[in-house]
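Reading the structure
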Amino acid sequence: MSTALIWNDDEFTYDFGPHHPLKPVRVELTVALIRACGLTEADGVLTLPRAAFTADDAVRLHTPDYVDAVMRLSATPDPLGDGRYGLGLADNPVFAGMHEASLGVCGASVAAAQAVWEGTVQHAFNPAGGLHHAMPGRASGFCIYDDPAFAVEWLLRNGAQRVAYVDVDTHHGDGVQTMFYNDPRVLTISLHETGRYLFPGTGFANEIGSGDARGTSLNVPLAPSTPGVVYLEAFDSVVPAALDAFKPEVLVTQLGCDTHVTDPLAHMALTTDDYTLIGERLRELAYRYARGRWVATGGGGYQVASVVPRAWTIYFAALCGAELPAEVPREWLVLAEERVGDRPPGAFLDGQVRMSDERLQITRREARQSVEDLKRHAFDLLERL
Ligand SMILES: [Zn+2]
C-alpha cells in the first residue's frame, strides 16, 4: 500500500458559518474530485478514518486553560467569545461543537502520521488539516487546534528523532514554528508572502529557533506578486539543502494553496501548474531524504471551488504517483456548480501568469535576498547540528 486519504464522510463540522472564508465545502469538493479522478480506487490507495483524539491529547501542545475555554464556548457558544484566547474575534468566531470539530481535524492528521510511521502506507493526506496558526494558548487565523503540530508531536512521541516540516501556505506557519522553536528534533521551513504586508506579520529570516534548536527554524518571506518561477527558485535554493543537512526520518507538509494568483486573501501569483511542480519536488525529497515517508495536510485556500479542489487533487496525485487527466471530470464540474453556483475551470492546469519583466525582477530580487539572509542566519547552525 502506498498512499492513504484520511477521510470520514462526516468531516464538515469545522465550520465558522456562511460568512467566513474557510468553508468546509472546499474539502468536500476536494474529496469528491479526488474520487471522480479514480485516485481512491487506484492500486495501493487506501481511505482511512481519523484517529481518536481527545482534550487530554490537545493539552500536549495547548495550554489547559485555553483548551478549557474552547470547551466552554463550544458547549455554550457566546458570540462575544473570550478575547484572551483569540476566540470570538472576526477570524475565529465561536461555534457550537468547535472543540469536537477541532479535535477531529487533529485526529485526522495524527492518523496520517501514524499510518506513515507504522508503515501502513508511505504517504498520507488529511485535506481537512493544516491549521498551522493555532498557538499554544490561543486561536489564530481560523485555526483552533494545531493539527500539523500534533502530527509532528505524535511522530516524536512514537520514536521519530528528526522530523522536517515544510509549509507552502501563503501565510507564515507561525503556530507550528512556535510549538517547536526550542526543539532541535524538528526542522520547520516556511515559504510565504512577507509578514510586512500579510497576516500573521512574522516569518522573517532572523527567526531561526532558540537554544540548541538554533538553525532549525527557516523562513523565506517573499514579495507580493511573486510568481511560480521565482517561488520555485527560492524553494530549490533552500529546501533540498536544508533537508540534506538535517537528515529527517519523515517529512510533514502543509499544502495551503492560498498562494494562487486568484486567492482573495493574499497576493502571490502561483497557479496550479506550480502545485504540480511543488508536488513533484516534495515527492522526490521525501524519497531522497525521508525513505519516502510523507505526511501531508491541506491548509489555506479560499477559492473554494475554482482552485482548492484542483490544487489538492494535484497534490494527492503526487502522493499516489498517479497521472491526472488534462481535463477535470465533467460530473465533478456539475457537482461543484450545484454546490457553489459557479462552474470551476475545466482543466487541471491554469498556465503561467503573465507579468512584466520589471515586476518579475523585483520579486526575484526580494526572493534572492531572503534566501541569502536565511543562509547567513541559519545554515551554518543547521549544518552543525
Ligand atoms: Zn494561509
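Here goes a summary of the coordinates provided. (Residues numbered from 1 in each chain as written. Predicted model: local features only at pLDDT ≥ 70, side-chain atom pairs only at ≥ 80, totals over all residues. Heavy atoms only, no water.)

Points about the packing of helix 3 (residues 64-75) against helix 4 (residues 98-117)
Rules: Axis definition: a line fitted to C-alpha atoms, over the contacting stretch in the case of helices. Angles run 0 to 180 degrees between N-to-C directions. Here a helix means four or more residues in a row that DSSP labels H or I, a strand means two or more in a row labelled E, and each is numbered from the N terminus. Roughly parallel means an angle under 35 degrees; roughly antiparallel means over 145; roughly perpendicular covers 65 to 115; every other angle is labelled oblique. Should any heavy atoms of two residues lie within 4.5 Å, those residues are considered in contact. Note that Gly is not counted as nonpolar here; it falls among the polar residues with everything else outside the nonpolar set of Ala, Val, Leu, Ile, Met, Phe, Trp, Tyr, Cys and Pro and the charged set of Asp, Glu, Lys and Arg.
Where helix 3 contacts helix 4, the two axes come as close as 7 Å, and the packing angle between them is 125°. In terms of orientation, helix 3 and helix 4 fall into the oblique class. Residues Val67, Val70, Met71, Leu73 and Ser74 of helix 3 lie in contact with helix 4, whose contacting residues are Met98, His99 and Glu100. Along the lines of polarity and charge, the residues of the contact of helix 3 with helix 4 split into five nonpolar, two polar and one charged.

What about the sheet that holds strand 3 (residues 123-126)?
Definition in use: Strand pairing follows a simple DSSP-based rule, namely that at least 2 bridges must link the two strands.
An order of 2-1-3-8-7-4-5-6 is seen for the eight strands of this open sheet, with the pairing classed as parallel. With one partner strand each, in any of the chains shown, strand 2 (45-48) and strand 6 (217-222) form the two edges of the open sheet. Going across the sheet, the axis of each strand differs from the next one's by a mean of 15°, ignoring polarity. As judged from the three bridges shared by strand 1 (residues 3-6) and strand 3, these two strands associate in the parallel manner. What sits directly across from Thr3, in strand 3, is His123. Lying over the sheet, helix 4 contacts strand 1, strand 2, strand 3, strand 7 (250-254) and strand 8 (294-297), oriented at roughly 175° with respect to strand 3. Where helix 11 (residues 357-384) meets the sheet, it contacts strand 5 (186-193) and strand 6, and its direction lies at approximately 175° from that of strand 6.

Points about the environment of Pro344
Looking at the element boundaries, Pro344 is found in the loop between helix 10 (330-340) and helix 11. Look past the residues within four positions of Pro344 in its chain and what remains in contact with it is Ala305, Ser306, Trp332, Leu333 and Ala336.

Thoughts on the pairing of strand 6
This is how the line gets drawn: Only protein chains enter the calculation, and the probe is 1.4 Å; a residue is then buried if its accessible area is under 20% of its type maximum, exposed if over 50%, and partly exposed in between.
When you tally the buried positions in strand 6, you get six out of six residues, the bulk of the element. With six bridges joining them, strand 5 and strand 6 adopt parallel strand pairing. Each residue of the ladder has a partner; that of Glu193, found in strand 6, is Leu222.

Some thoughts on the coordination of the zinc ion
Applied cut-off: Atoms of type N, O and S within 2.8 Å of a metal are treated as its donors, and for Na, K and Ca the window is 3.2 Å; water is not considered, so some sites may appear to be missing partners.
Within the first shell, the zinc ion binds the protein through Asp169 (OD), His171 (ND1) and Asp258 (OD), at distances of 1.9 to 2.1 Å. One chain supplies every donor to the zinc ion, and in sequence these donors are spaced D-x1-H-x86-D. Placement of His171 in the loop between strand 4 (163-167) and helix 6 (174-179) and of Asp258 in the loop between strand 7 and helix 8 (272-289) is noted, with a sequence separation of 87 residues between them. Exposure class is identical for His171 and Asp258. Each is buried.

Side note on the packing of aromatic side chains
The following threshold applies: Here the aromatic set is Phe, Tyr and Trp, taking the six-membered ring for Trp, and pairing holds for ring centres within 6.5 Å; pairs whose planes are under 30 degrees apart are stacked, those over 60 apart are edge-to-face, and all others are tilted.
With the rule as written, the count across this model stands at eleven aromatic pairs. The interplanar angle of 75° and the centroid separation of 4.9 Å between the aromatic rings of Phe53 and Phe150 together place this pair among those described as edge-to-face. With Phe53 in the loop between strand 2 and helix 2 (55-58) and Phe150 in helix 5 (residues 147-157), this pair connects stretches of sequence that are 97 residues apart. Of the two residues examined, Phe53 and Phe150, each falls in the buried class. Taking 6.1 Å as the distance between ring centres and 85° as the angle between the ring planes, the aromatic pair formed by Tyr66 and Tyr145 counts as edge-to-face. Residue Tyr66 is found in helix 3, and its partner Tyr145 is found in the loop between strand 3 and helix 5; the two are separated by 79 residues along the sequence.

Some details on the pattern of salt bridges
Note the cut-off: Whenever Lys or Arg places a side-chain nitrogen within 4 Å of a carboxyl oxygen from Asp or Glu, that contact is recorded as a salt bridge.
Under the counting rule described, the total for this entry stands at 16 salt bridges. We note a salt bridge from Asp57 to Arg60, for which the minimum N-O separation is 3.3 Å. You can call Asp57 buried: its relative accessible area is 16%. In this structure, a network of salt bridges that share partners links the residues Arg72, Asp82 and Arg84.

Here's the deal with the packing of helix 7 (residues 228-246) against helix 8
Contact geometry of helix 7 with helix 8 gives a least axis separation of 11 Å together with a crossing angle of 10°. Classified by the interaxial angle, the pair formed by helix 7 and helix 8 is roughly parallel. Every residue of helix 8 that contacts helix 7 at Gly228, Val229, Tyr231, Leu232, Phe235, Asp236, Val239, Pro240, Leu243 and Asp244 is listed here: Asp274, Leu277, Ile278, Arg281, Leu282, Leu285 and Tyr289. When its residues are assigned to classes, the contact of helix 7 with helix 8 shows twelve nonpolar, one polar and four charged.

Things to note about the nonpolar core
Spelled out, the test is: Throughout this description, the term nonpolar core refers to a set of buried Ala, Val, Leu, Ile, Met, Phe, Trp, Tyr and Cys residues connected via side-chain atoms within 4.5 Å.
Within the largest apolar cluster, 75 residues are counted, with the highest numbers of intra-cluster contacts made by Phe125, Leu187, Ile189, Leu218, Phe235, Ile278 and Phe316. Here this core gets eleven residues from one element, more than from any other, and that element is helix 7. If we skip the residues at most four places from it in the chain, Phe235 touches Val166, Val168, Leu191, Pro240, Ile278, Arg281, Leu282 and Leu285.

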